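What follows is the residue order along each chain.
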Amino acid sequence: MVFVNWAGNQSGAPAEVRTPSSVDDVVRAVQDAAREGRRVRMVGTGHSFTGVALTDGILLRPGALSGILSADDDRVTVAAGTPLWRLNEELDRRGLALANMGDITAQTLAGAIQTGTHGTGRDTGGLADQVLELELVLADGTVTTVKPGDDLFDAARVGLGALGVLTSITFRVEPAFLLENVRRVMSLTDILGSLDSLTAANEHLDFFWLPHTDACLVKTNNRHPGPASPPSAFKYWLDNVFLENKLFGAACALGARFPGLIPGINAVSAKALGDSSSVNTSYKIFNSVRDVRFLEMEYAVPREHLAQALRETRDLIDRTGWKITFPVEVRVTPPSDAWLSTAYGRPSAYIACHIYRPTPNPAYFEGVEEIMTRLGGRPHWGKLHTRDASYLAKAYPRFGDFVALRDRLDPRRLFTNPYLDSVLG
């Protein structure tokens, strides 16, 4: 079997593929790998753009490790292979919800946590910041549950699969709530002058700048007492399926064939943007449809450097003459205490650059990466970058502690692969 990720830019041929249905099955796989001198990795749905999940040894597919294992009013324990969309639906049936999440729901929970998947939030961080406990199978085959106060807890929440195989996660949850989603068009110039007030005024801020224009689509999500006023089925299809996917995909394909048209296409798209609002169940507001295949690089920079990073990115595109179809997405999160969280120890802003999959532009990513690293940026673990351990050791205050813990727990590097060899050393 050959494993290929969602974007089609990473592939690997494991020696063996297993589908564990219990913790004992995972233990057996780890023990077998250790005895046979193989490596072992758990892979999710392949939404990482890096080679973080690849292995030439035993590949574990977690589809059978799925579902809610226990639930109370304020916590829920979930098997590691559960996709986020299923957790959302199961929680909603119980009148519960996660406080925050990203917009992709196909990911397995373990894969999302291990790579530091985040959404946008003024007060609440990403999935790893909502974790209360983790169950792990370690390299020696033992099963351990880690909780706050244990170094392994803060290391393993964003652990890249380097410390053990996650088998279940306990999340902090709360009563289900409604969000009001407001979409409006603003100029990039106005946003750059009001970033602090925009961030302070909204629980969740997410905006998309269209290169070659001054237009941004700004999305704000804030809690609402109700009643719900969701978009009609036609309005949802028009905005989320037709305009943001089918029509956008056609525009990308046209731009790929005739790059000179891209600035004009983006200008037309900017004029087509409109204001709207709706009130709906939180996860239905957080989540988006993403059908057009792309490559992505995303960096977290200190919040205070966001405006400079955006200005330099805009100037870079203008100066080089690159034709960029995909919007540049911006989000924010509060500080995290997970050691390898991109938001560790500082309020962070995320700048995500995308390229249509059939027309990769490594120079674009390279140029933006130079800006982000000069401003102290940290690359998303699941998205394209060229940073190695020598850079990351300076970017993360607890990097040395993570590596030392890994040395102790997995001295034979049972869980490594070429990507981890690069980023962890």
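Structural notes, computed from the coordinates. Keep in mind it's a predicted model, so treat the numbers as computed, not measured.

### Here we look at the pattern of salt bridges
Under the definition given, this model contains 31 salt bridges. Taking the shortest distance from any N to any O, the salt bridge between Arg 38 and Glu 36 comes out at 3.2 Å. Judged by its relative accessible area of 28%, Arg 38 falls in the partly exposed class. Glu 36 sits in the partly exposed class, given a relative accessible area of 39%. A salt bridge links Glu 298 to Arg 331; its shortest N-O distance comes to 2.9 Å. Taken together, the residues span a long stretch of sequence, with Glu 298 in strand 17 (residues 294-302) and Arg 331 in strand 18 (residues 328-333) at a distance of 33 residues. By relative accessible area, which is 1% here, Glu 298 ends up buried. Through salt bridges that share partners, Glu 16, Arg 18, Asp 32, Arg 35, Glu 36 and Arg 38 make up one connected network.

### With respect to empty space enclosed by the protein
Tallied over the full model, the rule gives three cavities of 30 Å³ or more. If you add up the space inside the largest cavity, you get close to 400 Å³. Together, 32 residues line the largest cavity, and Met 42, Val 43, Gly 44, Ala 53 and Gly 111 are the ones closest to its centre. Secondary-structure elements contributing two or more residues to the lining of the largest cavity are strand 4 (40-42), helix 3 (109-114) and strand 11 (165-172).

### So, the pairing of strand 18
Among the six residues that make up strand 18, six are buried, leaving the element largely enclosed by the rest of the structure. Side chains Val 328, Val 330 and Val 332 project from strand 18 onto one buried face, and the interleaved Glu 329, Arg 331 and Thr 333 project onto a second face that is buried too. Of the strand pairs in this sheet, strand 14 (residues 204-209) and strand 18 are connected by four bridges, and their pairing is antiparallel. Across the sheet, residue Phe 207 finds its bridge partner in strand 18, namely Val 330. The pairing of strand 18 with strand 19 (residues 348-356) spans five bridges and is classified as antiparallel. Looking at strand 19, one finds that Val 330 is bridged to Ile 351.

### Description of the packing of helix 10 (residues 306-320) against helix 11 (residues 362-374)
One can describe the packing of helix 10 onto helix 11 by two numbers: an axis separation of 10 Å at closest approach and a directional angle of 155°. Of the possible angle classes, the one that applies to helix 10 and helix 11 is roughly antiparallel. Judged by the twist between their axes, the crossing of helix 10 over helix 11 is right-handed. Judged by residue contacts, Gln 308, Ala 309, Glu 312, Thr 313, Leu 316 and Ile 317 of helix 10 engage Tyr 364, Gly 367, Val 368, Ile 371, Met 372 and Arg 374 from helix 11. Classifying every residue of the contact of helix 10 with helix 11 gives seven nonpolar, three polar and two charged.

### A word on the environment of Ser 348
When you line up the elements, Ser 348 lands in strand 19. Between the alpha carbons of Ser 348 and Lys 383 there is a distance of 17 Å; along the sequence they are 35 residues apart. When near neighbours in sequence (up to four residues on either side) are disregarded, Ser 348 contacts Ala 300, Val 301, Arg 303, Arg 331, Val 332, Thr 333, Thr 342 and Ala 343.

### Considering the pairing of strand 19
Buried residues dominate strand 19, accounting for nine of its nine residues. What you see with strand 19 is no split at all: Ser 348, Tyr 350, Ala 352, His 354 and Tyr 356 on one side and Ala 349, Ile 351, Cys 353 and Ile 355 on the other are buried throughout. Sheet topology note: the strand 17/strand 19 ladder contains nine bridges and is antiparallel. Within strand 19, the position partnered with Val 301 by the bridge is Ala 349.

### A look at the nonpolar core
Counting 58 residues, the largest nonpolar core has Leu 98, Ile 169, Phe 171, Leu 340, Trp 381 and Leu 424 as its most contacted members. Looking at which element gives the most residues to this core, the answer is helix 13 (residues 399-409), with five residues. Not counting chain neighbours up to four residues away, the residues in contact with Phe 171 comprise Asp 74, Arg 75, Val 76, Val 78, Leu 87, Leu 98, Leu 109, Ile 113, Leu 127, Gln 130, Val 131 and Leu 132. Of all hydrophobic cores here, the second largest spans 45 residues; its members include Trp 6, Leu 198, Phe 326 and Leu 375.

### A few points about helix 8 (residues 262-272)
Residues that lie three or four places apart on an α-helix share one face, since the helix turns once every 3.6 residues. Here helix 8 has its buried residues at Ile 262, Ile 265, Asn 266 and Ala 270. For helix 8, the arc enclosing every buried residue in end-on projection is 140°, short of the 170-degree limit, so these residues lie on one face. Turned more than 90 degrees away from the buried face of helix 8 sit Val 268, Lys 271 and Ala 272, all of them exposed. The inward-facing, buried residues of helix 8 abut strand 15 (215-224) and helix 7 (233-257).

Parameters at a glance
Residues numbered from 1 in each chain as written. Predicted model: local features only at pLDDT ≥ 70, side-chain atom pairs only at ≥ 80, totals over all residues. Heavy atoms only, no water. Salt bridge = Lys/Arg side-chain N within 4 Å of Asp/Glu carboxyl O. Buried < 20%, exposed > 50% of the residue type's maximum accessible area, 1.4 Å probe, protein only. Helix = DSSP H or I, 4+ residues; strand = E, 2+ residues; numbered from the N terminus. 1 Å grid on protein atoms, 1.4 Å probe; cavity = no way out; pocket = protein on both sides within 12 Å on 5 of 7 lines; lining within 4 Å. Points joined across faces, edges and corners; volume = space filled by probe spheres on them. Pairing = 2+ DSSP bridges. Axes fitted to C-alpha atoms, helices over the stretch in contact; angles between N-to-C directions. Parallel < 35°, antiparallel > 145°, perpendicular 65-115°, else oblique. Left-handed = near helix turned anticlockwise from the far one by under 90°. Contact = heavy atoms within 4.5 Å. Nonpolar A, V, L, I, M, F, W, Y, C, P; charged D, E, K, R; others polar. Core = buried A, V, L, I, M, F, W, Y, C linked by side-chain atoms within 4.5 Å. Arc of directions from axis to C-beta.

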